[in-house]
Structures are given as structure tokens and as C-alpha cells.
Amino acid sequence: MQEGKQTKKIRTTKLPQRKQHNPWRWAFLILLGIILGSGIFISARVFSTPTNAPKASKVEGAPSLTVSLTRQQVNQLTQHYLNQYLKDSKIKYQFRVEENSVLLVGTVKFLGSSIQFNLVMNAYVQNNGDVQLRAKQLAIGALNVPVNFVMGYIRSAYKLPAWITVNSKDESIMLHLTRFKTTTGFQITAKRLDFAGNQFVFNVYLPD
């Protein structure tokens, strides 16, 4: 071979590479779609307006007697009632009267996990003897979950008596005592809730 002989340069054209499909990427997108779809469905149920809210009513006639209970006695009666009412329910919750408020303890489903919450509420006796509970504070760990979401979940997922209604928009729970009646026909309405004095007074109506 002679020195200085020029060699011909061969030009090569690179073909465009086909994009490789990443199965993990598609799996992530599918999972994200499922989570978002579930979130939209839950939100629709949680924030929807209740359609079966009972109208305010009152118990006719004068009360047969007035009963004064302590905080401990109210909690014992409430827990006994809930134990019987929720014995076949998978979701359990507690109502407790504290020193200056009412506490609702339960769990809420959020992003697939069950999270315990403590909802602190103030209690107000209505003119007809019902009791309104208005949300004051929500403790649910480190998560920033809105109160109306939790209350909406309670309304849609919890087994509640027909005489209890939850309004997530107003962040309140109404105890329609005027619509509650025991199996023996007794009816009860609230007269005074004295948290500071540990005295909770109720009117009792005996059956005819």
C-alpha cells in the first residue's frame, strides 16, 4: 500500500431507535388512574347533600318527669346503646361526653388506609329538645384532612340511627331526640347540658 493514499470515508446513517415500552411506567399510570377514580367516587359520596334529613319535630304533651345525670352516667348509657346498635357493624365508633365538649372517636378510610380520628364538638340544646353538635377541633395524626371530609365519610359509611343526621357542609351533627323512642315507648328530650357543673338534665315522656 502506498503512503498518502487517501481512504474513502463511508458515511453511515443512524436509524431512529424505537422507544422501548416500560411496563413499570404503564403500571404506575394504571394505579394512579385507579386511585384518582376512587378518590372522585368517594368525594362525590362524601360531599353530596343528604336527601333524607328529617325535619324538626317536638314531643307532644308535658314531660312525665325530669332526670339529671352525671357525665359518667351519660357515657355508660350511650356506650350501652352503641354496643347493641353496632354489634353487627364492621365500623365501630364512640360518643363520649368530656369535661367541656363531646368527643366522637372513630376511623376514616383515606388513600386505602384506616386512620383513627378524634372529633371534638360543642353541644347546643335546641328549643324542641334536640341537641346539635358543632365541630370544634379534629385530631387525625399528621395528616391534613378537612373536617367536612371526615364528617361526610361518617354520613356515607357509618351505620347511624335514623334520628341522627350529619351535615358535612355545616360541620354539624344533629341528635333528633324528639324522634327517638325506646322499645318500651319512652321518649327523651334534652333540657339542659351543664358541662361545668357535670349535670345533664333530660325530660322523660312516659308512654300512654
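Since we're looking at a predicted model, the values are computed, not measured.

**Student:** Whenever I open this one, the packing of aromatic side chains confuses me. Can you help?
**Tutor:** Geometrically, a pair of aromatic rings is defined through the distance of the ring centres and the angle of the planes. A full pass over the atoms with the stated rule returns 8 aromatic pairs. Judged by centre distance (5.1 Å) and plane angle (20 degrees), the rings of Y93 and Y158 are stacked. Within this pair, whereas Y93 is found in the loop between α2 (71-85) and β2 (94-97), its partner Y158 is found in the loop between α3 (147-157) and β6 (164-167), the two being separated by 65 residues in sequence. Judged by relative accessible area, Y93 falls into the buried class, the value being 4%.

**Student:** Looking at this structure, how should I read the pattern of salt bridges?
**Tutor:** A side chain of one charge can pair with a side chain of the opposite charge when the charged atoms of the two come close. With the rule as written, the count across this model stands at 1 salt bridge. The salt bridge involving E98 is made with R96; its shortest N-O contact spans 3.4 Å. Residue classification places E98 among the partly exposed residues on the basis of a relative accessible area of 30%. Classification of R96 by relative accessible area gives partly exposed; the value is 29%.

Conventions and cut-offs
- Residues numbered from 1 in each chain as written.
- Predicted model: local features only at pLDDT ≥ 70, side-chain atom pairs only at ≥ 80, totals over all residues.
- Heavy atoms only, no water.
- Phe/Tyr/Trp six-rings, centres within 6.5 Å; stacked < 30°, edge-to-face > 60°.
- Helix = DSSP H or I, 4+ residues; strand = E, 2+ residues; numbered from the N terminus.
- Buried < 20%, exposed > 50% of the residue type's maximum accessible area, 1.4 Å probe, protein only.
- Salt bridge = Lys/Arg side-chain N within 4 Å of Asp/Glu carboxyl O.

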